[in-house]
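Coordinate inspection notes
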Amino acid sequence: MNEELNTLNAELSKKVGELELLYGDLQNLFQSTQIATIFLDRESRIARFTPGATALFRLADGDLGRPLSDFAARFDAHDVPQEVKRVLETLEPVERTVGLADASAGS
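Read on for an overview of the structure. The model shown is predicted, which means the values in this text are computed figures rather than measured ones.

Let us now look at helix H3 (residues 80-90). Listed in full, the buried residues belonging to H3 are Val 80, Glu 83 and Val 84. The buried residues of H3 all sit within an arc of 100° when viewed along its axis, so they share a single face. Away from the buried face of H3 by more than 90 degrees, exposed residues Pro 81, Lys 85 and Glu 89 are located. Looking at the buried residues of H3, the elements they touch are strand S1 (38-40). Following H3 by one or two positions, Leu 91 adopts a phi angle in the positive range, close to 60°.

Turning our eyes to something else, we now look at a nonpolar patch on the surface. A contiguous nonpolar patch, built from Met 1, Leu 5, Leu 8 and Leu 12 and spanning about 450 Å² of accessible area, is present on the exposed surface. Structurally, Leu 8 can be placed in helix H1 (residues 2-32). Judged by relative accessible area, Leu 8 falls into the partly exposed class, the value being 43%.

About the thresholds
Residues numbered from 1 in each chain as written. Predicted model: local features only at pLDDT ≥ 70, side-chain atom pairs only at ≥ 80, totals over all residues. Heavy atoms only, no water. Buried < 20%, exposed > 50% of the residue type's maximum accessible area, 1.4 Å probe, protein only. Helix = DSSP H or I, 4+ residues; strand = E, 2+ residues; numbered from the N terminus. Arc of directions from axis to C-beta. Contact = heavy atoms within 4.5 Å. Patch = residues over 30% accessible without salt bridge, like charges linked within 9 Å, V, L, I, M, F, W, Y side chains within 5 Å. Areas by Shrake-Rupley, 256 points an atom, 1.4 Å probe, with all protein chains shown as cover. Salt bridge = Lys/Arg side-chain N within 4 Å of Asp/Glu carboxyl O.

Everything listed is a geometric property; what it means functionally is a separate question.
Given below as structure tokens:
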């Protein structure tokens, strides 16, 4: 029995190591991409976001877990709630180009 537990523990340790590597790769990808991406959970709360998304919604690390609806977008976002609902229903991503509302102000 003890040998089986040791074998199982070794397998789990290996899997944890693999997941840690994958997580690091994912974090590096998020940090290096210029594409604004926000990952939401089923209740439209922020799970993760790329640095590019901070310019669109003024997000900070402390905003994880907050509803996206708590944030005012810096672009015309009137259809974002419908797009979020459609993505959750179809699991198809939405991609669109937006212009910042205050881009002409030089910020």
